[in-house]
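Inside the fold
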Amino acid sequence: MAKITYRKAVNQAIAEEMQRDDNVFLMGEEVAEYNGAYKVTEGLLDRFGAKRVIDTPISECGFAGLGVGAAMYGLRPIVEFMTWSFSLVAIDQIINNAANIRYMSGGLIHIPIVFRGPANGGVNVGATHSHTPENYYANVPGLKVVCPATAYDAKGMLKTAIRDNDPVCVMENTILYNEEWEVPEDEYLIPFGQADIKRKGTDISLIAHGRAVLAALEAARMLKDEEGIEAEVVDLRSIRPLDIDTIVESVRKTGRAVLVEENKPFCGVDAQVSHVIQDRAFDYLDAPVKRVSALDVPQPYNDTLEKMVLPDAQRVYKTCLAIL
């Protein structure tokens, strides 16, 4: 095991898969000469050359469509969006084309493409650069969506995504890029549709994904230290496919659930998770399911206001106490 940053884990996953398979290539804004807007792709141009690490114009619709076409012909593109907010410019290519071609071709044409990049607020870049659109894309049959919270998960899930024969949306978080975790030096893959229990507990289930997992873990520590409460933290990791069994098993064990996400509350991922719980574990609940999400407003630019909008450990902690 080696302790590396989330940034390095993503870089390693891309490099290892490009080394393994000549059909894998990377493109996006500033991924080559500049080493990536967040330096995630550092060194890849020197290692693999300009035919496989490609700087694109500022035209997400254009290069996303180019990637879909390349995937139709058997290549395996990794398309980086500088932020997932910019993917909305290419939503026709992702939703109408990438998600539906396999179905509409009767299974004859696969689309082995990965769309990846940061999806988060919290870095003071304003409302148009701060979307967490995992719920948008998880709504679409034909797309897979993952939101890894740790370097270990980021590497294993990205490698799985690159090898997948269907389009996968990998949503990272710029605030996590500098965080360090233990990552195996040997190759490993993480299957989609498998949540991870980041902390075992018996009194309440905290169910989260992406950076919200860290808020849930900190809240669980506070509950233990200050109240003697043992919270279980479930990291969804994969949004679609969703690991329903792990969610239900945890809630049946603890009898209470608080759902944590940086997404907006209306039609968010946690709205689906809440439905799953009431559908599969209603008779086991000892209190209503509660949600701690971003506030239902456009993301503020101001740092103080943005911190108020995003969920934090204190909000999770107080919500847990309210139903305990």
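Throughout this document, residue positions are counted from 1 along each chain, in the order its sequence is written. Confidence filtering applies because this is a predicted model: local features only for residues at pLDDT of at least 70, side-chain atom pairs given and counted only at 80 or more, and all residues used for totals across whole chains, interfaces and linings. Hydrogens are left out, water is left out, and the side-chain values use all remaining heavy atoms of the structure.

1. Side note on the overall build of the protein chain
Of the regular secondary structure elements, the protein chain holds 12 helices and 14 strands. Every radius of gyration here is taken over C-alpha atoms, with the globule rule written as 2.2 Å times N^0.38, N being the number of residues. The C-alpha radius of gyration computed for the protein chain amounts to 19 Å, which stays within 12% of the reference 20 Å derived for 324 residues, consistent with globular compactness. By principal-axis analysis of the C-alpha atoms, the protein chain measures approximately 55 × 40 × 40 Å. Residues classed as buried in the protein chain amount to 55% of the 324 residues present. Residue contacts are counted whenever heavy atoms from the two residues lie within 4.5 Å of one another. Within the protein chain, counting contacts between residues at least 6 apart in sequence, those at least 24 apart form 81% of the total. Approximately 13800 Å² of the protein chain is accessible, and the part contributed by carbon and sulfur atoms is 51%. When charges are counted, Lys and Arg are positive and Asp and Glu negative, with His and the chain ends excluded. Lysine's charge is taken at NZ, arginine's at CZ, aspartate's at CG and glutamate's at CD. Positive and negative side-chain charges in the protein chain, numbering 33 and 46 respectively, have mean positions lying 2 Å apart. Helix and strand assignments follow DSSP, with helices taken as H or I runs no shorter than four residues and strands as E runs no shorter than two, numbered in order from the N terminus. Accessible area is worked out with a 1.4 Å probe on protein chains only. A residue is then buried under 20% of its type maximum, exposed over 50%, and partly exposed in between. Only the protein chains shown count as cover for residues, and the accessible areas themselves come from Shrake-Rupley with a 1.4 Å probe.

2. Considering the sheet that holds strand β11 (residues 231–235)
Here, a strand pair is defined by DSSP locating no fewer than two bridges between the strands. One open sheet accounts for five strands, arranged β9-β11-β10-β13-β14; its pairing is mixed. Each end of this open sheet is capped by a strand with a single partner; those strands are β9 (196–199) and β14 (290–292). Across the sheet, the axes of successive neighbouring strands diverge by a mean angle of 25°, strand direction being ignored. As paired elements, strand β13 (residues 257–260) and β14 share three bridges and run parallel to each other. For L259, the partnering residue across the bridge sits in β14 and is R291. Each of β10 (204–208), β13 and β14 touches helix α10 (residues 269–281); the most contacted strand, β13, lies at about 160° to it. Angular values range over 0 to 180 degrees, each being the angle between N-to-C directions of two axes fitted as lines to C-alpha atoms, with helices fitted over their stretch in contact.

3. Topic: the state of the cysteines
Here, the term disulfide refers to a pair of cysteine sulfur atoms separated by no more than 2.5 Å. Counted under the stated rule, the structure contains zero disulfides. Of the cysteine sulfurs around C61, a residue in no disulfide, the closest is that of C169, at 15 Å. Classification of C61 as partly exposed rests on a relative accessible area of 31%.

4. Considering the packing of aromatic side chains
To pair, rings of Phe, Tyr and Trp, with the six-membered ring standing in for Trp, must have centres within 6.5 Å; the planes then decide the type, stacked if under 30 degrees apart, edge-to-face if over 60, and tilted in the middle. Per the counting criterion, the structure on display carries eight aromatic pairs. Between Y38 and Y177 the ring centres are 5.9 Å apart and the planes differ by 40°, which places this aromatic pair in the tilted class. Of this pair, Y38 sits in the loop between β2 (24–28) and α2 (44–48) while Y177 sits in the loop between β7 (168–172) and β8 (180–183); the two residues are 139 residues apart in sequence, bridging distant segments of the chain. Judged by its relative accessible area of 32%, Y38 is partly exposed. With centroids separated by 4.7 Å and ring planes inclined at 5°, the aromatic side chains of Y152 and Y188 adopt a geometry described as stacked. Taken together, the positions of Y152 in helix α7 (residues 151–163) and Y188 in the loop between β8 and β9 put the pair 36 residues apart, joining distant regions of the chain. The class of Y152 is partly exposed, set by a relative accessible area of 32%. Looking at Y188, the relative accessible area reads 10%, which means it is buried. Chaining the aromatic ring pairs together yields one cluster made of F63, F81, W84, F115 and Y137.

5. Some remarks on the packing of helix α9 (residues 244–254) against α10
Interhelical geometry of α9 versus α10 gives an angle of 65° and a closest axis separation of 10 Å. In the packing of α9 onto α10, the handedness of the crossing is right-handed. Across the interface between the two elements, I244, I247, V248, V251 and R252 of α9 pack against V273, V276, I277, R280 and A281 of α10. Looking at the contact of α9 with α10 residue by residue, the class counts come to eight nonpolar, no polar and two charged. Throughout, a crossing is termed right-handed when the near helix is turned clockwise from the far one, and left-handed when it is turned anticlockwise from it by less than a right angle. Residue classes follow a fixed rule: Ala, Val, Leu, Ile, Met, Phe, Trp, Tyr, Cys and Pro count as nonpolar, while Asp, Glu, Lys and Arg count as charged, and any other residue, Gly among them, counts as polar.

6. Thoughts on helix α8 (residues 212–227)
Every helix has an expected span of 1.5 Å times one less than the residues it contains. Between its first and last C-alpha, α8 extends 22 Å over 16 residues, near the 22 Å set by a 1.5 Å rise per residue. For α8, the complete set of buried residues consists of A212, V213, A215, A216, A219, A220, M222 and L223. Buried residues belonging to α8 abut β9, β10, β11, β13 and α12 (313–323). Trailing α8 by a residue or two, G228 shows a phi angle of about 70°, which is positive.

7. Side note on helix α3 (residues 60–72)
The end-to-end C-alpha distance of α3, which contains 13 residues, comes to 18 Å, matching closely the 18 Å that a straight helix rising 1.5 Å per residue would cover. Residues of α3 that are buried include every one of E60, F63, A64, G65, G67, V68, A70 and A71, and no others. Immediately beyond the C-terminal end of α3, within one or two residues, lies G74, with a positive phi of roughly 100°.

8. Section: a nonpolar patch on the surface
Residues with no salt bridge and a relative accessible area higher than 30% make up the patches, which join like charges within 9 Å and nonpolar side chains (Val, Leu, Ile, Met, Phe, Trp, Tyr) within 5 Å. Here, a salt bridge means any side-chain nitrogen of Lys or Arg that lies within 4 Å of a carboxyl oxygen of Asp or Glu. Together, L88, I91 and Y136 line one region of the surface with nonpolar side chains, adding up to about 220 Å² of accessible area. Relative to the assigned elements, Y136 resides in helix α6 (residues 134–138). You can call Y136 partly exposed: its relative accessible area is 37%.

9. Some words on the environment of S250
Tracing the backbone through its elements, the reader meets S250 in helix α9. Look at S250 and you get buried, because its relative accessible area is 2%. With 48 residues separating them along the chain, S250 and T202 place their C-alpha atoms 8.5 Å apart. Setting aside residues no more than four positions away along its own chain, S250 makes contact with S205, E232 and V234. Residues adjacent in sequence count toward polar contacts only when both atoms are side-chain atoms; beyond that, a polar contact is any pair of N or O atoms within 3.5 Å, and within protein one must be able to donate a hydrogen and the other to accept it. Among the polar contacts listed, one links the side chain of S250 to the side chain of S205, at a separation of 2.7 Å.

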